[in-house]
Amino acid sequence: MLTHNLGYPRIGIQRDLKKLVESYWKDEIDKSELVASSEALRVMHWTKQKEAGINLVPSNDFSLYDQVLDTAMLVGAIPDRYQELFQEENDGTHSYPIDTYFAMARGVQDDEHDIPAMEMTKWFNTNYHYIVPEFSAGQTFECLSSKVFDEYEEAKSVGVITKPTLIGPVSFLLLGKEKDESEEFHRLDLLDELLSVYQEILSELEQMGVEWVQIEEPFLCLDLDEKAQVAYQRAYEKLAEDREGLELLLTTYFEGLDKNTGLACDLSVEGLHIDLVEAPGQLDKVLEHLDEETKLSLGLIDGRNIWKADLEQAVEVVKQAAEAIGEEQVLIAPSSSLLHCPVDLEQETDETALPTDIKRWMAFANQKLEELSLLKKLAKDDLTAKERQQVEEHQADISDKGESTLVHHPEVQQRMDNLDEDILHRDNPYLERKKIQQEHIDLPELFPTTTIGSFPQTKKVRQWRADYRKGELSKEEYEQKLKEATADLIEKQEEIGLDLLVHGEFERNDMVEYFGEQLAGFAFTRNGWVQSYGTRGVKPPIIYGDVHRPDPMTVKWSSYAQSQTEKPVKGMLTGPVTILQWSFPRDDQSRSETAKQIALAIRDEVADLEAAGIQAIQIDEPAFREGLPLRRNDWTHYLDWAVDAFRIASTVVDDQTQIHTHMCYSEFNDVIEHIARLDADVISMETSRSQMELLDAFVEFDYPNEIGPGVYDIHSPRVPSTEEMVNLLEKAVDVLPPEQLWVNPDCGLKTRGWEETLPSLENMVKAARQMRERV
Ligand code: GLN
Ligand code: ZN
């Protein structure tokens, strides 16, 4: 029985990789230093894993930016627009064209070049983002980068024999996007061409003496059409040809194989990895289908969450599998790559963020590796006295969590038990509310203007927060500065002529953390970074217990802003689904339960805002869509509880109070019915880049409530002209009645500078005024 790891976090314990890569970008270090220092980091990671007792340590899981981009480099899938750059760089001395690689990830803009970056999108249902490969008809591939070979040799030279990891050919194609206009072309048409490169790579690895290759095919956990199924059969048939010494570990994660169980088990590979954390129920079926020769890797330690694994429960699964197929056929592993969890819990020493009583329930990547080793010994009944005690303590921590009063809060439980239908509805339907709101809230009847909430978080504002945290500013001083910033913003908005004002969110570091810090049931880390994309990381809060709101969270700021103006000020909250989605959730109750608890806490805040005289309240749900399960069959269940959670949060108000929501993306076609069920009075979203195309979904559905299609792209410092925005609004008026439309930017302005924000908003207000005259 071997233990193996699917992938280790590459960012380094002190976010070393971020610092390294960013210094390279800033020209503070040169290529050779980048190469040498990243090698040192890898060596550290390999050694760590080996010391933890992992039998098969992965290589090629490291990346300077993204593993999908690495794969594109590996097989030479460099889009044409970077070819010139690549030729310039490829003078024969570099085995890895690093500048071309970074250009693909981030674009380049200098005296000689102006090339946009490749697209980026979410890695399945995680918060990791990968670079989307581009494919076109007739594209050819060649093995271009030696990274996978080099890393194997590197590890070997320090005494670690690794299992190189590759993204499988079918998943690689499916992860990409057709760049071809022609309708007939499908990226899977490139499979044969791609397979010849994979064959080449595998045979080279085989010659180097590699025993196992982890070939990742996470798409086997998604719904597959006929074409994709055929592609899988063809691909693994091809890759089995001429392969002798080298064994393939077909790796799946994030869901169960479900309908693809037969397909996956019949592929010509030597091992199969399945995720038994996300889909424990799949084991029986897999055991049934798997032939005698194929090894089975059990993903038993959660690769994506931060809770200790229940080793006693896990060992039962190991025993079941061992009994069915023989102990030597079983491997044990984390469920997925550990890329998705922070590196080392030992770094968390600040008890005000993470109390010891909660920390003892948790495990980060390093701790998970230890769990894995213990699990193996437990399964083989091979524990020393000390290890036995370790397991006992470990299990005691877990049962303690099950009973802890830190986790369980009777009042929350009671409130949850008493939830009924009534809580899900406003008093009257939207059309009636609209009339009441028109009388109650002082807004222009047509094209009211507003913003999404945040305004530039300048260095100055962030410095105040840092000084306050360090104790260099007192609470009073800090809040006084924030008040001044807020009052100043109110004045600016009045000068610009905006209609529904905001307070600016200067007091918030982050739209989830800010609420998490004030809600009971949340803990934080100081160093629990997880890679989000490239050199960017997030530090998700940890939801460990029943959530409730001890005190009002935003009322003070909203009331203060409202006291500075006669115009209405919009209250600003983050919605329950987004708070859940961007945190590490509990593993002892369903996500829907947790979402509803958060929703109740937000509901209390909404009620208090209304009582304080706030006439419009926005509940942001930018993560609403990303919560969608990987499989279509599971969508309805998710959408039902997600919609309920939003409604629990929002329906407490009287008809006269206007509920807004905001979502920063532009794909609504497949969920529009559920967006409508949110029954927000106003929804704002991104549209400017898609030229209002997303409105089609709303038009087709006959969406009745008000809509604020973003009229300018806040992701760029460019100042849009009034005329441009008028043009966009005219497109909107072509398809929707003007009474339904608001005028606002795409998203919050916190990453922008004042220089571009003020003129942009002035132009936007002018555009709204012109529209009012026109219709
Ligand atoms: N109200 C938030 C802001 O303006 C919304 C952010 C978001 O949509 N991601 O910053
Ligand atoms: Zn947004």
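Predicted model, so just to flag it, every value in this text is computed and none were measured.

1. Side note on the overall build of the protein
A count of helical and extended segments in the protein gives 28 helices and 23 strands. Across its three principal directions, the C-alpha atoms of the protein cover 75 × 60 × 55 Å. Evaluated residue by residue, the protein yields a buried proportion of 47% over its 775 residues. Nonlocal contacts in the protein, meaning residues at least 24 apart in sequence, comprise 78% of its contacts between residues at least 6 apart.

2. Quick word on the site of ligand 1
Looking at ligand 1, there are 13 residues lining it, with I452, G453, S454, P622 and G748 nearest. Considering only residue class, the shell around ligand 1 consists of six nonpolar, four polar and three charged.

3. Quick notes on the environment of E142
Mapped onto the secondary structure, E142 falls in the loop between β7 (134-135) and α6 (147-157). Sequence separation between E142 and E193 is 51 residues; the distance between their C-alpha atoms is 9.2 Å. Beyond its immediate stretch of four places on either side in the chain, E142 contacts G76 and V197.

4. A few points about the environment of E739
Looking at the element boundaries, E739 is found in the loop between α27 (722-735) and α28 (754-774). C-alpha separation for the pair E739 and E445, spaced 294 residues apart in sequence, amounts to 7.1 Å.

5. Points about unusual backbone geometry
In this structure, F254 takes a positive phi of about 80 degrees despite not being glycine. Classification of F254 by C-beta neighbours within 10 Å gives buried; the count is 23. Phi is positive for D702, which is not a glycine, with a value near 65 degrees. Looking at the element boundaries, D702 is found in the loop between α26 (695-701) and β23 (706-709). Assessed through the 8 C-beta atoms surrounding it within 10 Å, D702 is described here as exposed.

6. Section: the pairing of strand β16 (residues 530-533)
The sheet contact formed by β16 and strand β17 (residues 536-538) spans three bridges and is antiparallel. Counterpart to V530 in the pairing with β17 is V538. Between β16 and β17, which pair antiparallel in sequence order, lie two residues; one of them, G534, sits at a positive phi of approximately 50 degrees.

7. A closer look at helix α23 (residues 591-611)
Each α-helix winds once per 3.6 residues, and so residues spaced three or four apart point in a common direction. Relative to the 30 Å expected for 21 residues at 1.5 Å per residue, α23 spans 30 Å between its end C-alpha atoms, a close match to the ideal helical length. Two residues or fewer after α23 comes G613, characterised by a positive phi angle close to 95 degrees.

8. Considering helix α9 (residues 226-240)
Given a rise of 1.5 Å per residue, 15 residues ought to cover 21 Å, and the 22 Å separating the end C-alpha atoms of α9 matches this to within 8%. Within α9, burial applies to A228, A231, Y232, A235, Y236 and L239. Seen from one end, α9 has its buried residues packed into an arc of 115 degrees, which puts them on one side. Seen from the buried face of α9, the exposed residues on the opposite side, beyond 90 degrees, are E226, K227 and E237. Buried residues along α9 sit in contact with α7 (169-175), α8 (191-207), β11 (247-251) and α10 (261-266). Of the residues one or two after α9, D242 is the one with positive phi, at around 60 degrees.

9. Description of the sheet that holds β23
Read across the open sheet, the five strands follow the order β19-β20-β21-β22-β23; overall the sheet is parallel. The outermost strands of the open sheet, each flanked by one partner alone, are β19 (570-574) and β23. Direction aside, neighbouring strands of the sheet carry axes that sit 20 degrees apart on average. Inspection of the sheet shows strand β22 (residues 682-685) paired to β23 by four bridges, in the parallel sense. Of the residues in β23, the one forming a bridge with M685 is P709. Seen against the sheet, α23 touches β19 and β20 (616-620) and runs at an angle of roughly 170 degrees to β19.

10. Overview of the UniProt feature "binding site: Zn(2+)" (unreviewed entry) in the protein
UniProt's entry tags H662, C664, E686 and C747 with the feature "binding site: Zn(2+)" (unreviewed entry), counted in the numbering of this structure. A maximum C-alpha distance of 8.9 Å is found for the annotated residues, which run over 86 residues; spatially they form one tight group. Note that H662 resides in strand β21 (residues 658-663). For H662, a count of 28 C-beta atoms within 10 Å puts it in the buried group. H662 has contacts with I452, Q618, D620, P622, S684 and M685, leaving out every residue within four places of it along the chain. By the element assignment, C747 lies in the loop between α27 and α28. On the basis of neighbour counts, which here come to 26 C-beta atoms within 10 Å, the residue C747 falls in the buried class.

11. Some details on the sheet that holds strand β12 (residues 271-275)
With respect to topology, eight strands assemble into an open sheet ordered β1-β14-β13-β12-β11-β10-β8-β2, the strand pairing being parallel. Each edge of the open sheet carries a strand with a single partner, namely β1 (2-3) and β2 (57-59). Sheet topology note: the strand β13 (residues 295-301)/strand β14 (residues 330-334) ladder contains five bridges and is parallel. The residue bridging L298 from the neighbouring strand is I332, located in β14.

12. What to know about the confidence of the model for the protein
With 99% of its residues at a pLDDT of 70 or more, the protein has an overall mean of 96. Prediction confidence for the complex, expressed as pTM and ipTM, is 0.95 and 0.99 respectively.

13. Focus: the pairing of β11
Of all the five residues making up β11, four are buried; the element is thus mostly covered by neighbouring parts of the structure. Taken together, the five bridges between strand β10 (residues 212-216) and β11 define a ladder with parallel strand orientation. Of the residues in β11, the one forming a bridge with E216 is T251. Each parallel crossover has a hand, and the one from β10 via α9 to β11 is right-handed. Of the strand pairs in this sheet, β11 and β12 are connected by three bridges, and their pairing is parallel. Paired with T251 across the strands is H273, a residue of β12.

14. Things to note about the packing of helix α19 (residues 475-496) against helix α21 (residues 555-563)
Viewed as axis vectors pointing N to C, α19 and α21 meet at an angle of 45 degrees, and their least axial separation amounts to 9 Å. The angle between α19 and α21 places the two elements in the oblique class. The two elements α19 and α21 cross, and the hand of that crossing is right-handed. Here K483, T486 and I490 of α19 lie close against α21, whose contacting residues are W557, Y560 and A561. Across the contact of α19 with α21, the residue classes break down as four nonpolar, one polar and one charged.

The rules behind the values
Residues numbered from 1 in each chain as written. Chains lettered and ligands numbered in written order. Predicted model: local features only at pLDDT ≥ 70, side-chain atom pairs only at ≥ 80, totals over all residues. Helix = DSSP H or I, 4+ residues; strand = E, 2+ residues; numbered from the N terminus. Buried ≥ 20, exposed ≤ 12 C-beta atoms within 10 Å, placed from the backbone. Contact = placed C-beta atoms within 7 Å. Near = placed C-beta within 6 Å. Nonpolar A, V, L, I, M, F, W, Y, C, P; charged D, E, K, R; others polar. Pairing = 2+ DSSP bridges. Expected span 1.5 Å × (residues − 1). Arc of directions from axis to C-beta. Axes fitted to C-alpha atoms, helices over the stretch in contact; angles between N-to-C directions. UniProt positions renumbered as here; feature names shortened; annotations may be inferred. pLDDT = per-residue confidence, 0-100. Right-handed = clockwise from strand over helix to strand, strands pointing away. Parallel < 35°, antiparallel > 145°, perpendicular 65-115°, else oblique. Left-handed = near helix turned anticlockwise from the far one by under 90°.

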